[in-house]
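Below are the chains, spelled out letter by letter.
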Amino acid sequence: MIQIAVLGYGTVGSGVVEVINTNHSSINKKAGEEINIKYVLDLRDFPGDTIQEKIVHDYNVILNDPEVRIVVEVMGGVEPAYTYTKQALLAGKSVCTSNKELVARHGAELLEIARERNINYLFEASCGGGIPIIRPLNSSLTADEIDEITGILNGTTNYILTCMFQEGAEFDVVLKRAQELGYAERNPEADVEGYDACRKIAILSSLAFGQQVDYEDIYTEGITGITAADILYAKKLGMSIKLLAYSKKEGNCFYAMVAPALLGPNDPLYSVNGVFNAIFVHGNVLGDAMFYGSGAGKLPTASAVVSDVVDEAKHLHRSIMSFWSSQKLELTDISHSRKPFFVRAKGELSRDLPKVQEIFGPVTPVTVEGTQGEFGFVTEVISEAEYQEKAEKLGTVISRIRVRTV
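About the thresholds
One numbering rule holds for all chains: residues counted from 1, following each sequence as written. Only residues with pLDDT of at least 70 get local features here, since the model is predicted, and only at 80 or more are side-chain atom pairs given and counted; chain-wide, interface and lining totals rely on the full set of residues. Derived side-chain values reflect all non-hydrogen atoms in the structure, with water molecules and hydrogen atoms excluded from consideration. The definitions used throughout rest on a 1 Å grid laid over the protein atoms alone, on which a cavity is an enclosed set of points accommodating a 1.4 Å probe that cannot get out and a pocket is an open set flanked by protein within 12 Å on both sides along at least five of seven lines; lining residues are those having an atom within 4 Å of a point. Grid points are joined across faces, edges and corners, and a volume is the space filled by probe spheres set on the points. Secondary structure elements are defined from DSSP: runs of H or I of at least 4 residues count as helices, runs of E of at least 2 residues count as strands, and each element is numbered from the N terminus. When residues are sorted by character, Ala, Val, Leu, Ile, Met, Phe, Trp, Tyr, Cys and Pro go into the nonpolar class, Asp, Glu, Lys and Arg into the charged class, and all the rest, Gly among them, into the polar class. For two strands to be treated as a pair, DSSP must find no fewer than two bridges joining them. We call two residues in contact when some of their heavy atoms are within 4.5 Å. Axes here mean lines fitted to C-alpha atoms, for a helix over just the part in contact, with angles spanning 0 to 180 degrees between N-to-C directions. Put simply, a disulfide is two cysteine sulfurs that come within 2.5 Å. Only protein chains enter the accessibility calculation, which uses a 1.4 Å probe; a residue is then buried when its area is under 20% of its type maximum, exposed when over 50%, and partly exposed in between. UniProt positions are given in the numbering used here, feature names are shortened, and annotations may be inferred rather than shown by experiment.

Here we look at the layout of surface pockets
Considered as a void within the structure, the second largest pocket measures approximately 340 Å³ in volume. Tallying contributions element by element places strand β11 (residues 253-263) first for the lining of the second largest pocket, with six residues. Among the residues forming the lining of the second largest pocket, the class breakdown is 10 nonpolar, three polar and seven charged.

What follows is the structure, encoded as structure tokens:
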């Protein structure tokens, strides 16, 4: 029997308990041994819940119990999760987690500690909820050199943009509904400003490129500036708007960014809607691959956590996880990154297009009903720095959205 402890009995923690209880027989068969939850750490008590008999309030009870071989950290936040995780690994206990913030900040260090002790620190649930992506990067794609990872990594923002697209509604209206349905937090900042997706792409990039990518270095832009008018233009262009997180290697340059983008119908991410997430990976041998599924939610995330528990149970004395160097990967300034831009500008198309063309060169103009005193256009491929310079020169830009090309 393998004894485990769960740190935190919130949404994901209770989901982990539920998944293990529901699929107990098949999980044990896959692990090769019986998995038993011995402790659940939480500040609260749960009278009337069968979990109460396992509740402890002092982490040292778990840390000092030699029977506990695996610790499941689903507390969230950096502290005390970091301290507890490090103490568990130093004590020879494997740890698995869904904590993207902790992995993004301290993943390299914690992986190194686990490797030195022939145990494991696994975090499948930290990047795509129920979508398996860490394991493929760690094993299935090890023959490849990954040069691009692009993903829809946040279910909340994808739900909001999908509803705006389908209904023509404004951001604030859909956000309120998402909160009522439980798809968005009361304070949705981490999701709608892109911070959640930023941490996830930092983890995936660190794994793919083998060096520490600090999420603080990644240019991040959320969806709060996307309007119903932007949706009208996107529809006229036959495109959709998604919040994309991407990292890309071009020669000796590494770019990473989180920002809304226009996608055409030939893009594999174009039709990923609702709370679903998808991750597109390009390798120099494999070519293109895409991973799709439910990116968030109690049970999908818990399922990914429990899959790590099973992996750790099968490899109690052997480290199976790749680790990335703590040496920092220097990202190239995004001002050098090149792509087309969709631009909305004040004025009249027939009158002001010549000036636009004089500044931006050849463009694809677009107008839509329902907007007055403005028009749109799509530029050719230019750098971020060139766009900024030209936009300032034009002086009438309302907004811009980057265009993803495949």
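From this point on, the discussion continues.
Some thoughts on the sheet that holds strand β2 (residues 35-41)
If you trace the six strands from one edge of the open sheet to the other, you get β3-β2-β1-β4-β5-β6, paired in parallel fashion. Whereas interior strands pair on both sides, the edge strands pair on one side only; in this sheet they are β3 (55-56) and β6 (121-122). With six bridges connecting them, strand β1 (residues 2-7) and β2 associate as parallel partners. Residue pairing for β2: Ile2 is matched across the bridge by Ile35. Its contacts with the sheet put helix α13 (residues 298-314) on β1, β2, β4 (68-73), β5 (94-97) and β6, and the angle it makes with β5 is roughly 165 degrees.

A word on the state of the cysteines
Scanning all chains against the criterion turns up zero disulfides. Cys198 carries a free sulfur, and the closest cysteine sulfur to it, the one in Cys127, is 12 Å from it. What makes Cys198 buried here is its relative accessible area of 4%. Cys253 forms no disulfide, and the closest cysteine sulfur to it belongs to Cys198, at a distance of 20 Å. Given the relative accessible area of 27%, Cys253 is considered partly exposed.

Some details on unusual backbone geometry
The peptide bond linking Glu79 to Pro80 adopts the cis configuration, its omega dihedral lying at 5 degrees. Residue placement: Pro80 occurs in the loop between β4 and α4 (81-90). Positive phi outside glycine occurs at Asn118, with the angle close to 55 degrees. Along the chain, the position of Asn118 falls in the loop between α5 (100-116) and β6.

Topic: the UniProt feature "active site" (unreviewed entry) in the chain
UniProt records the feature "active site" (unreviewed entry) for Lys200 in the present numbering. Counting through the fold element by element, Lys200 comes out in helix α11 (residues 195-209). Not counting residues within four places of it along the chain, the set of residues in contact with Lys200 comprises Lys100, Ser126, Cys127 and Leu153.

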